Amino acid sequence: MCLSQTMEVGKHGKSQGPARDGGVLLEPFVHQVGGHTSMMRYDDHTVCKPLISREERFYESLPPEMKEFSPEYKGVVLVCFEGDSDGYIHLVAYPYVENEGLDHEDVTEPDQPRRKHSRRSLHRSSSDHKEERSALESDGSESLQDLKSPRMELHIQSDVPFQMLDGNSGLSSEQISYNPWSLRCHKQQLSRMRSESKDRKLYKFLLLENVVHHFEYPCILDLKMGTRQHGDDASEEKAARQMKKCAQSTSATLGVRVCGMQVYQMDTGHYLCRNKYYGRGLSNEGFQMALYQFMHNGNQLRRDLFQPILGKLRNLVAVLEKQASYRFYSSSLLIIYDGKQPGAEPGHKPAEPPGLDPSLSTQNPAQPPSDPTPLQPDSHTTPGQPAPAPLPSPQHSACPPPKVDVRMIDFAHSTFKGFRDDQTVHDGPDRGYVFGLQSLISILEGIQKENQ
């Protein structure tokens, strides 16, 4: 054991998995679609992640008007890396007590391999496909044999299977009960902690609100926001890498790029998943197609979602315009909605309105021109889909309005005037982030108009 067996579970609730002598057994968060550090499930309403002190302090310093658009910060726990006699690896959380005199260093960010991508079409070249496929086969899309591996024992899984789309936009052959990106991050986290286990037994983790716990079938779009990703304290080498990554993706042209996605498909009853390597290779037109795909449930485009999502995005723009000196470098934005529509049953394929192609989410979309004109934030360019027959507007429907949410996450490189001992002070709001939101709003408005 890491700590005294008399310690009790913290106020944030008990795990549904087996508790270990007063601790909470952590499990990979089923619905993690992006990021490079493992997000763990603490209880139904709470997740946790390795603590970075800048991010902890930023959550504690959030302006009141931003709290609607970020996860609730719930505190800190101590996490112990444990292995049992059968060879299984467990992460167990215990209450953190300030006066214990424990001072544990932050988790350092892993230096990920750098990959080159092209933006000249919706998808990458054949060599890029091979590169992505190799990455997914090695650590992105885990096999059932890996799930049963003695390295980890999983107790809490999704009842809905996940399928990762491969580099050619075709379905992978395997369905698993976790988002494959979640498993990738979890295995990397366990590997790092095991390598340090001889010298270090305890880790601080942040406790945060599980922002998808309200949703029965959470559809999640993870977007890297802004035209700049490196923090003010980044080394020249890291800054150069991040600037190159932005220049070669829609971060430069739109101020936003796809980092991950899962979309519940009503016709098949499973989630379709995309990862950050897919997002880095998208052109402007490809990004638009990704948004269309995110709003499509396998049967039809979810036109009922546009107004509530656009309303939240516009409200967020208004809030961020007032945050002088704030910069949210390398942070992400989550757009979330419930994939199950009232009255619809999974696996049911209704008659499709004329002109709408329900196979869009699982087939190769039509290729755009080889040298597309960059899309500006006020443009209404949309995927070239014929407009389907209009559906009744939400206000005339007996169904309740759809549940949607928009949240900012990942503040490890954020800053503002007077934050900690930061030497660089920025003027005005974060224009790169706002530019990305305006691009997002413009593209969604265009898709909505095209499909009224």
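Scroll up to find the structure.
The sections below set out a description of the structure shown in this document. (Residues numbered from 1 in each chain as written. Predicted model: local features only at pLDDT ≥ 70, side-chain atom pairs only at ≥ 80, totals over all residues. Heavy atoms only, no water.)

## A word on the pairing of strand 4 (residues 73-83)
So, point 1. Burial of strand 4 is extensive: nine of the 11 residues sit out of reach of the surface.
So, point 2. Of the strand pairs in this sheet, strand 4 and strand 7 (residues 202-209) are connected by seven bridges, and their pairing is antiparallel. Residue pairing for strand 7: G75 is matched across the bridge by L207.
So, point 3. What sits between strand 4 and strand 5 (residues 89-95) in their antiparallel hairpin is a turn of five residues, with G87 showing a positive phi close to 90 degrees. (Buried < 20%, exposed > 50% of the residue type's maximum accessible area, 1.4 Å probe, protein only. Helix = DSSP H or I, 4+ residues; strand = E, 2+ residues; numbered from the N terminus. Pairing = 2+ DSSP bridges.)

## Focus: unusual backbone geometry
When glycine is set aside, most residues are seen to have a negative phi, and most peptide bonds are trans.
So, point 1. Of note in this structure, S325 is not a glycine but carries a positive phi near 80 degrees.
So, point 2. By the secondary structure assignment, S325 is in the loop between helix 9 (306-320) and strand 11 (327-329).
So, point 3. Looking at S325, the relative accessible area reads 9%, which means it is buried.
So, point 4. Notably, D410 is not glycine yet its phi reads approximately 65 degrees, a positive angle.
So, point 5. Inspection of the secondary structure puts D410 in the loop between strand 13 (404-409) and strand 14 (413-415).

## Observations concerning the packing of helix 9 against helix 10 (residues 431-450)
So, point 1. Running from amino to carboxyl end, helix 9 crosses helix 10 at an angle of 160 degrees, the nearest separation of the two axes being 10 Å. Classed by the angle they form, the pair helix 9 and helix 10 counts as roughly antiparallel. Both helix 9 and helix 10 take part in a crossing whose hand is left-handed. Note on element contacts: helix 10 touches helix 9 through Y433, V434, L437, L440, I441, L444, E445, I447 and Q448, opposite F306, Q307, I309, L310, L313, R314, L316, V317 and L320. (Axes fitted to C-alpha atoms, helices over the stretch in contact; angles between N-to-C directions. Parallel < 35°, antiparallel > 145°, perpendicular 65-115°, else oblique. Left-handed = near helix turned anticlockwise from the far one by under 90°. Contact = heavy atoms within 4.5 Å.)

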